[in-house]
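A structural walkthrough
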Amino acid sequence: MKKKIAFNKLFNLFIIVGVLLIIAGCVLVRGDGEAEPEIALGIGFIVFGAVFVGAPSAFMSCIYVFDEQGVSICYIFLPKERYLWKNIHQIEATDDSTGSSRSAIFDLLFSRTFQISGNVEGKLRFYMNGTIRRSIRTKLLLERYWDGEITGYLFDEIKEKIRERKAKKQGRAIEADEVASQERESRKSAKSWIEPFLADAKQLDLQIDTRFIYVTRDSKEFNSRPKKPYTYIAVAKISACGEENKDKFTEVSADLLFVRLGKKAFIGTVNKTAQEELTFYLEDTLNEIKKNGIDVHCDK
């Protein structure tokens, strides 16, 4: 399996600066030995240089490895982050600058990143956040291997309208057979997760009704599949039985499927934590209703 490598330029900057500081410190320390300020300055340079080399080596990603199956974010000492293309539902161009103290040139060169949203392979560790430092090479490799549209750039809305108009003009339909099958499976699964709670709700004189909706990235809700990226969501409505109590209800939801537009078809990524999220919210809500009554959660 042929692999392509891109470097984290911010990691490289820290290492280069650290090495230069250590070299400068060694030169000062190895002087005539009589000028104490120079020796102290040299030791300071060495200490700062060691920090510049050691901290990034311990915690910062150093290279990104791309192949046909996915991308790996690699560290020197820590286990790598691995994302398969099929399990990535969004890649967004972002800016991780934290304030105005840094120069605009530094922000332009080093603060821009690509943020991966998807399921990491193996155990999710505290440092794994799916961040890839932006460069011409990482951009080209992401566009080459990932069958999706990178978002977050300026004029995204204009580009999306142009694509929709072009597709409509060409009469090109977006294939949805695979994602429709994933939606059916996710509906079936969600109903099975909710079923054990029906009896508990009935004991509290409540009922649970389930519906499934499509929500686009601009937070618009649809009952049928839109022609743009969306999240397929299960919504469980917990309401008091009886016509007189129809306005007393609360809703919990969980994302089941993240769907993006590929070059020819919709591509769905299953949310691996959907069952855990939905069952947790249902159990927590029913317990609170049992304790305080449904009026606590009443939405009108």
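As a reminder, the structure under discussion sits directly above these lines.
These figures come from a predicted structure and were not determined experimentally.

1. Quick look at a nonpolar patch on the surface
- Together, I16, V19, L20, I23 and V27 make up an exposed nonpolar region whose accessible area comes to about 470 Å².
- Checked against the element boundaries, I23 lands in helix α1 (residues 9-29).
- In this structure I23 comes out as partly exposed when scored by relative accessible area, which is 48%.

2. Here we look at the side chain of T285
- Residue placement: T285 occurs in helix α7 (residues 274-292).
- Overall, the relative accessible area of 8% leaves T285 in the buried class.
- Leave out the neighbours within four places in its chain, and T285 touches I238, T250 and V252.

3. Observations concerning the pattern of salt bridges
- According to the stated counting rule, one finds five salt bridges in the structure shown.
- Put simply, R82 and D67 hold a salt bridge, and the shortest N to O gap is 3.1 Å. Taken together, the residues span a long stretch of sequence, with R82 in strand β4 (residues 81-95) and D67 in the loop between β2 (63-66) and β3 (70-74) at a distance of 15 residues. This pair shows no difference in class: R82 is buried, exactly as D67 is.
- Residue E183 pairs with R225 through a salt bridge whose shortest N-O separation is 3.0 Å. On the criterion of sequence distance, the pair formed by E183 in helix α6 (residues 177-203) and R225 in the loop between β8 (221-222) and β9 (230-240) is long-range, its members being 42 residues apart.

4. Focus on the sheet that holds strand β10 (residues 249-261)
- Read across the sheet, five strands follow the order β8-β7-β9-β10-β11 without closing on themselves; strand pairing throughout is antiparallel. The open sheet terminates on both sides in strands that have one partner only, identified here as β8 and β11 (266-270).
- Helix-sheet contacts for α7 involve β7 (206-216), β9 and β10, and the interaxial angle to β10 is about 170°.

5. Some remarks on the sheet that holds β3
- Reading across from one edge, β1-β2-β3-β4-β5-β6 is the order of the six strands in this open sheet, with antiparallel pairing throughout. Two strands lie at the open edges of the sheet, namely β1 (4-7) and β6 (131-133), each paired on one side alone. Looking at each pair of strands side by side, their axes are set apart by 35° on average, direction ignored.
- As paired elements, strand β5 (residues 112-120) and β6 share three bridges and run antiparallel to each other. Looking across to β6, one finds that F114 is bridged to I132.
- Packed on one face of the sheet, helix α4 (residues 136-145) meets β1, β2, β4, β5 and β6 and runs near 145° to β1.

Conventions and cut-offs
Residues numbered from 1 in each chain as written. Predicted model: local features only at pLDDT ≥ 70, side-chain atom pairs only at ≥ 80, totals over all residues. Heavy atoms only, no water. Patch = residues over 30% accessible without salt bridge, like charges linked within 9 Å, V, L, I, M, F, W, Y side chains within 5 Å. Areas by Shrake-Rupley, 256 points an atom, 1.4 Å probe, with all protein chains shown as cover. Salt bridge = Lys/Arg side-chain N within 4 Å of Asp/Glu carboxyl O. Helix = DSSP H or I, 4+ residues; strand = E, 2+ residues; numbered from the N terminus. Buried < 20%, exposed > 50% of the residue type's maximum accessible area, 1.4 Å probe, protein only. Contact = heavy atoms within 4.5 Å. Pairing = 2+ DSSP bridges. Axes fitted to C-alpha atoms, helices over the stretch in contact; angles between N-to-C directions.

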